[in-house]
Amino acid sequence: ELAQATSLIQQGIPLFEQSRSDAYNAMFIFVRARLYNNQGKPDEAVQLIDRYAPLFSRATGHPTMAIYPLLEKAQALAKKGAQQDCSKTLAQVEKMLTSFFGARHSDTHGKFHVIQAMNMYQKPEQALGLLSGALEVFNRFYGGDMKHLMQALAYQEIGNIYVKQGKYEDALQAYFKSETIY
């Protein structure tokens, strides 16, 4: 699937270069950064998002186009182990989530909690709490349907924490749930 996604991104580059739509261009950069993250290239994801940072604020009619790229950046920073930079980016995202969503919760909040947990390996119990909260958000938002990439990532992260705690059977169960979803 990554090869197909890479091919689609390559096909979209000429459209991106010709487009005058800030919303389309922001979405394209977000998807490209997500692909980099999924390919295990967090440095490229961070560089891409930083390079196009002004674009996201120009997509004023689409506030989530400023939130989603920053979530991808935070995820890339968490993967790199850049905890301070990740925390700063997550603080930005949290302000934007509150401003845009108010008291409503969306699947974006679930992703936010997963990335927070990825950045908290030194506090496994807190990370597990965030991941559990993320799974609750996803369950409510998707009506119990377990097919979202971030749900799979949440279970994968739970498994990673259990491995670090030496809870191998629990880790295996979490990894199986992740594999079943995605």
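Predicted model, so just to flag it, every value in this text is computed and none were measured.

Chemist: Would you explain the overall build of the chain in this entry?
Modeler: A count of helical and extended segments in the chain gives ten helices and zero strands. Shown N-terminal to C-terminal, the secondary structure of the chain runs as helices and strands in the order α-α-α-α-α-α-α-α-α-α. The globule rule puts the C-alpha radius of gyration for 182 residues at 16 Å, and the 17 Å found for the chain is close to it. The buried share among the 182 residues of the chain stands at 45%. Contacts in the chain between residues far apart in sequence, at least 24 positions, make up 58% of those at least 6 positions apart. Separation between the mean location of the 19 positive side-chain charges and that of the 17 negative ones in the chain comes to 6 Å.

Chemist: Explain the nonpolar core here, please?
Modeler: Soluble globular proteins tend to bury their nonpolar side chains together. Ile 29, Val 114 and Ile 158 are the most contacted members of the largest nonpolar core, which totals 55 residues. What Ile 29 contacts, discounting residues up to four positions off in sequence, is Phe 16, Leu 48, Tyr 52, Leu 55 and Phe 56.

Chemist: Even after reading the chapter, I still don't get the pattern of salt bridges, so can you show me in this structure?
Modeler: The final tally for this structure, using the stated rule, is five salt bridges. Among the ionic pairs, Asp 22 bridges to Arg 58, the shortest N-O distance being 3.5 Å. One end of the pair, Asp 22, is in helix α2 (residues 22-38); the other, Arg 58, is in helix α4 (residues 53-58), with 36 residues separating them in the sequence. What makes Asp 22 partly exposed here is its relative accessible area of 24%.

Chemist: Just to check I follow, could you spell out the packing of helix α9 (residues 149-164) against helix α10 (residues 168-181) for this structure?
Modeler: Any two packed helices are characterised by the angle at which their axes cross and by the distance between the axes. Packing of α9 against α10 leaves a shortest axis separation of 8 Å and a crossing angle of 165°. The angle between the axes of α9 and α10 places the two elements in the roughly antiparallel class. Crossing hand, α9 versus α10: left-handed. Contact with α9, carried on its side by Gln 151, Ala 152, Tyr 155, Gln 156, Ile 158, Gly 159, Asn 160, Tyr 162 and Val 163, involves Tyr 168, Asp 170, Ala 171, Ala 174, Tyr 175, Lys 177, Ser 178 and Ile 181 of α10 and no other residues of that element. Split into classes, the residues belonging to the contact of α9 with α10 amount to ten nonpolar, five polar and two charged.

Chemist: Please clarify how the packing of helix α5 (residues 64-80) against helix α6 (residues 83-101) should be interpreted in this entry.
Modeler: Here α5 crosses α6 at 155°, and the two axes come no closer than 9 Å. It follows that α5 is roughly antiparallel to α6 by the angle criterion. The hand of the α5/α6 crossing is left-handed. Touching Thr 64, Ala 66, Ile 67, Leu 70, Leu 71, Lys 73, Ala 74, Leu 77 and Ala 78 of α5 are Asp 85, Cys 86, Thr 89, Leu 90, Gln 92, Val 93, Met 96, Leu 97, Phe 100 and Phe 101, all from α6. Looking at the contact of α5 with α6 residue by residue, the classes come out as 14 nonpolar, three polar and two charged.

Chemist: I keep staring at the environment of Phe 141 and nothing clicks. Help me out?
Modeler: As for its position among the elements, Phe 141 is in helix α8 (residues 124-141). Taking the C-alpha atoms as reference, Phe 141 lies 8.4 Å from His 105; in sequence the two are 36 residues apart. The residues contacting Phe 141, other than those within four sequence positions of it, are Ser 106 and Asp 107.

Chemist: Honestly, helix α3 (residues 42-51) in this entry has me stumped. Any pointers?
Modeler: Along α3, the residues classified as buried are Pro 42, Ala 45, Val 46, Leu 48 and Ile 49. When α3 is viewed along its axis, its buried side chains cluster within an angular range of 165° and face the same direction. Facing away from the buried surface of α3 by more than 90 degrees, the exposed residues are Gln 47 and Arg 51. As for α3, its buried residues are in contact with α2, α4 and α5.

Chemist: Would you mind going over α8 with me for this structure?
Modeler: Each α-helix winds once per 3.6 residues, and so residues spaced three or four apart point in a common direction. Compared with an ideal rise of 1.5 Å per residue, which puts 18 residues at 26 Å, α8 spans 25 Å between its outermost C-alpha atoms and is within 8% of the ideal. Those residues of α8 lying buried are Ala 127, Leu 128, Leu 130, Leu 131, Ala 134, Leu 135, Val 137 and Phe 138.

How each quantity is defined
- Residues numbered from 1 in each chain as written.
- Predicted model: local features only at pLDDT ≥ 70, side-chain atom pairs only at ≥ 80, totals over all residues.
- Heavy atoms only, no water.
- Helix = DSSP H or I, 4+ residues; strand = E, 2+ residues; numbered from the N terminus.
- Rg over C-alpha atoms; globule rule 2.2 N^0.38 Å.
- Buried < 20%, exposed > 50% of the residue type's maximum accessible area, 1.4 Å probe, protein only.
- Contact = heavy atoms within 4.5 Å.
- Lys, Arg positive; Asp, Glu negative; His and termini not counted.
- Charge placed at Lys NZ, Arg CZ, Asp CG, Glu CD.
- Core = buried A, V, L, I, M, F, W, Y, C linked by side-chain atoms within 4.5 Å.
- Salt bridge = Lys/Arg side-chain N within 4 Å of Asp/Glu carboxyl O.
- Axes fitted to C-alpha atoms, helices over the stretch in contact; angles between N-to-C directions.
- Parallel < 35°, antiparallel > 145°, perpendicular 65-115°, else oblique.
- Left-handed = near helix turned anticlockwise from the far one by under 90°.
- Nonpolar A, V, L, I, M, F, W, Y, C, P; charged D, E, K, R; others polar.
- Arc of directions from axis to C-beta.
- Expected span 1.5 Å × (residues − 1).

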